[in-house]
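Structural characterization, general
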Amino acid sequence: MSAVRVVPDLDVDAVRAAYVAQQRTRAFDVGGLALQVGTIATYVERFHRSDRAQLVAVIATQVHRAMASEVAYGMDHTVRAGIRIYTCLAVRTADRVVVGVQPSARRNPFPDPGWRVKRWFAEPTKNMKTAAAWAAEDARAADAIAFPIAVPRPAREGGEELLAAVRADPDDIAARLVYADWLLERGDVRGELIRLQCELAEVPLRDPRRAAMRAREVEVLARVTSAIAGDIDGIVEACELRRGLLEGITIRAPMLAPHLARLAAVHPLRRVRILVDNEKQFAQLGAVAALAGISELELCGRPKPTGRRRRVEPASLAGTRIFAGARRLLLTDLAVDDGGWAPFLHALHAPRLRAFGLGECDAGPAELRWLATALPEATDISVEGAHLAGDVRLLSDLARRPHLHALALRMIHTDLAPLLRDLATDAAELAQLSLSYCTFGPAALDALLLLLAARPLARLALEGTDLTADVIATLLRTRELAHVAELAINPFPDRRDHPLYLSALLAAPPTTRIDWPWASRLRPDHLTQILAHLDLVRRRADGSVDLIAPA
């Protein structure tokens, strides 16, 4: 199988238009494959006459996917032509692309019984041998059509070296821009996205250029995402593009071993979120050597249909080397037996770790005692849903960690006042504090004001707490908030509280940037008032922020 290639986008509308106009000699060059519209049109003559142009376009699209995809085939099972539904299968071999179309009796990811492709799986990588056998022999009986191809060698002079420099140091913006220029010289739209997103990271939120730049980013992103789809289609559940390149993926545990090493060799992957379904998959992670090269890892249990968390045995990964390169490690939505996480945590080999978090993982006293003293180099700690049985001293021990920079607590339903007071006196380097869906009280609020007076926090998050609208409004007006650079507060609990929040926001320090997810529901005149006074932003899925502007 040939290496993965990024091929140009196929203009499906142009294919349809060419068929409708009967331009039978018109061809589209797709990654070195000349698609003759007339040839495809002749092939579909035997199908239903209605919406034949759509069928022509779908065939061309699947040929395009087969050319771009690592799994070497493309399939569409919802092709409508009139009242019929068709399955279209395109398979790339060494010297041709074989295309077959048959009526389908139902919508599902599997060809109907009329296809000579048995057995067919929902997971694309499992079908490679079956698809190749169909293209070699069985397609002839199915009256399929074959397009001879000459697979071109991509122009790689200097490109691999430039991309390797980006992978070696993903934070080196200069290296990215050099690679972007190399791509632009070859007409590759990825170069524009790299340069555009690097510029957006430096443009201030109030800069008038941002609106046009964001609009252009959306256009380019659609094209780039389509271009890399062949590389990750059917392999990852979600992807994250940062500064124009693929830096983060969400992937199911069984797909790691066959694909992670290849993806990490092609893209500057930093973040990998692994979805785990059972104990067996969790234990098998220890054999995926490529994980040792990923700097940010999250092991996440996929919720069961009943809503219960996936149960794992942490000791199965105790002492493994897969976290050797991790600078950030999160364990989320994983249930354990009575032994807890202690065996795993005490044997954790992560010399580079700077951030560690337990999210809904049955964290209890043993885990918090370990967090208070272990991982001396870790400066960012997060805990969600800890079962403390009222022992707030365990939380206070976190405040005494050396060089604590960021602390995030979520769904902690105990008195936070002792912790906040200890943070004010002991956490000299604290810059970020997040208290989400935690229980507050008068003592905790006074302790928070004491902390704000002692520590000029860069970011404070108070989301989903039990603070009332009156209390939040009072907090916004306090002088202790003047040095907080970014504040994330509760979404609007009730429209009746809007005037109270608005007056409080207008009284807030003008240097404060407010991260407020529901603020876009404000009336345009209210938004205009606030934006004239401070920066109101919303955080996007990739972590970047956008200025909220009036409609």
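This text gives an overview of the structure that appears in the document. (Residues numbered from 1 in each chain as written. Predicted model: local features only at pLDDT ≥ 70, side-chain atom pairs only at ≥ 80, totals over all residues. Heavy atoms only, no water.)

1. Concerning the overall build of the protein
Let me state the cut-off plainly: Counting from the N terminus, the helices are DSSP H or I runs at least four residues long and the strands are E runs at least two residues long. Buried, partly exposed and exposed residues are distinguished by accessible area as a fraction of the type maximum, computed with a 1.4 Å probe on protein chains only: under 20%, between the cut-offs, and over 50%, respectively. Contact criterion: two residues are considered in contact whenever any of their non-hydrogen atoms come within 4.5 Å of each other. Here, Shrake-Rupley sampling with a 1.4 Å probe gives the accessible areas, and only protein chains in the shown set may cover a residue.
For the protein, the count of helices and strands is 18 helices and 22 strands. Put simply, the protein has 551 residues, and 50% of those count as buried. Counting contacts in the protein only where the partners sit at least 6 residues apart, residues at least 24 apart contribute 64% of the total. Taken as a whole, the protein presents about 24,800 Å² of accessible surface, with 53% of it coming from carbon and sulfur.

2. Focus: helix 9 (residues 256-266)
Threshold: By arc we mean the arc of the directions from the helix axis to the C-beta atoms, nothing more.
Among all positions of helix 9, only L256, H259, L260 and L263 are buried. Down the axis of helix 9, the sector holding all buried residues measures 110°, keeping them to one side. Turned more than 90 degrees away from the buried face of helix 9, the exposed residues are A257 and P258.

3. Overview of the pattern of salt bridges
Spelled out, the test is: Criterion for a salt bridge: a side-chain nitrogen of Lys or Arg within 4 Å of a carboxyl oxygen of Asp or Glu.
This model, assessed by the stated rule, comprises 22 salt bridges. With a closest N to O distance of 3.4 Å, R271 and E240 form a salt bridge. One end of the pair, R271, is in strand 9 (residues 271-276); the other, E240, is in strand 7 (residues 236-242), and 31 residues separate them in sequence. Given the relative accessible area of 15%, R271 is considered buried. You can call E240 buried: its relative accessible area is 17%.

4. Some words on the packing of helix 16 (residues 469-477) against helix 17 (residues 498-507)
Each pair of packed helices can be summarised by the angle the axes make with each other and by the distance between the axes. Convention followed: Structural elements are reduced to axes, namely lines fitted to C-alpha atoms, with helices fitted over the stretch in contact, and the angle between N-to-C directions of any two is expressed from 0 to 180 degrees. The scheme is simple: roughly parallel for angles under 35 degrees, roughly antiparallel for over 145, roughly perpendicular for 65 to 115, oblique for anything else. Definitions for this section: a left-handed crossing has its near helix turned counterclockwise from the far helix by less than a right angle. A right-handed crossing has that turn clockwise.
At a closest axis distance of 8 Å, the pairing of helix 16 and helix 17 adopts a crossing angle of 15°. Taken together, helix 16 and helix 17 sit at an angle that is classed as roughly parallel. Classified by chirality, the crossing of helix 17 by helix 16 is left-handed. In this structure, helix 16 uses A469, D470, I472, A473, L476 and R477 to contact helix 17, whose residues at the interface are L500, Y501, S503, A504, L505 and A507.

5. Examining the environment of A378
Counting through the fold element by element, A378 comes out in the loop between helix 12 (365-373) and strand 15 (380-384). Considered as a pair, A378 and L404 are 26 residues apart in the sequence and their alpha carbons are 7.7 Å apart. With residues near it in sequence (within four places) discarded, A378 still touches L353, R354, A355, R401 and P402.

6. Focus on the pairing of strand 16 (residues 406-410)
Our working definition: The rule for pairing is simple: two strands pair if DSSP sees at least two bridges between them. If the strands point away from the viewer and the path from the first strand over the helix to the second runs clockwise, then the crossover is right-handed.
The sheet contact formed by strand 15 and strand 16 spans 5 bridges and is parallel. Bridge pairing in strand 16 places I381 opposite L407. With 5 bridges joining them, strand 16 and strand 17 (residues 432-436) adopt parallel strand pairing. Of the residues in strand 17, the one forming a bridge with A406 is Q432. With helix 14 (residues 417-426) bridging strand 16 and the parallel strand 17, this β-α-β connection has right-handed handedness.

7. Focus: the nonpolar core
Our working definition: In plain words, nonpolar cores are sets of buried Ala, Val, Leu, Ile, Met, Phe, Trp, Tyr and Cys residues tied together by side-chain atoms within 4.5 Å.
With 109 residues, the main nonpolar core has F323, F356, L416, L423 and L448 as its most contacted residues. Per-element accounting of this core gives the leading share, 6 residues, to helix 15 (residues 442-454). Residues contacting L448, with those up to four places away along its chain left out, are L420, L433, F440, L460, L462 and L475. I40, V56, Y86 and V101 belong to the second-largest nonpolar core, a separate cluster that totals 17 residues.

8. Notes on helix 6 (residues 173-185)
What counts here: Expected span of a helix, by definition, is 1.5 Å for each gap between consecutive residues, and there is one gap fewer than residues. Residues adjacent in sequence count toward polar contacts only when both atoms are side-chain atoms; beyond that, a polar contact is any pair of N or O atoms within 3.5 Å, and within protein one must be able to donate a hydrogen and the other to accept it.
Under the 1.5 Å per step criterion, the end-to-end length of helix 6 is 18 Å for 13 residues, consistent within 8% with the ideal 18 Å. Inspection of helix 6 places A175, R176, Y179, A180, W182 and L183 among the buried residues, and these make up the whole buried set. The buried side chains of helix 6 occupy one side of the element, clustering within an arc of 160° when seen end-on. Looking at the packing, one finds that the buried side of helix 6 touches helix 5 (159-168), helix 7 (189-200), strand 7 and strand 8 (245-252). Where helix 6 begins, one side-chain oxygen reaches toward the backbone nitrogen of A174, 3.1 Å away; that side chain belongs to D172. Phi turns positive, to about 75°, at G187, one or two residues after helix 6.

9. Topic: the packing of aromatic side chains
Rule in force here: When two rings of Phe, Tyr or Trp (its six-membered ring) have centres within 6.5 Å they constitute a pair, described as stacked for plane angles under 30 degrees, edge-to-face for angles over 60, and tilted for the intermediate range.
Taken as a whole, this structure holds 5 aromatic pairs when the rule is applied. Look at F282 and W341: their rings are 6.5 Å apart centre to centre, the planes differ by 70°, and that puts the pair in the edge-to-face class. Of the two residues, F282 sits in helix 10 (residues 279-284) while W341 sits in the loop between strand 13 (334-335) and helix 11 (342-346), which places them 59 residues apart along the sequence. Judged by its relative accessible area of 0%, F282 is buried. Take W341: its relative accessible area is 0%, and that puts it in the buried class. Ring centres 5.5 Å apart and planes at 65° place the aromatic pair F356 and W370 in the edge-to-face group. Separated by 14 residues along the polypeptide, F356 in strand 14 (residues 355-359) and W370 in helix 12 bring together distant segments of the chain. Residue F356 shares its accessibility class with W370, and that shared class is buried.

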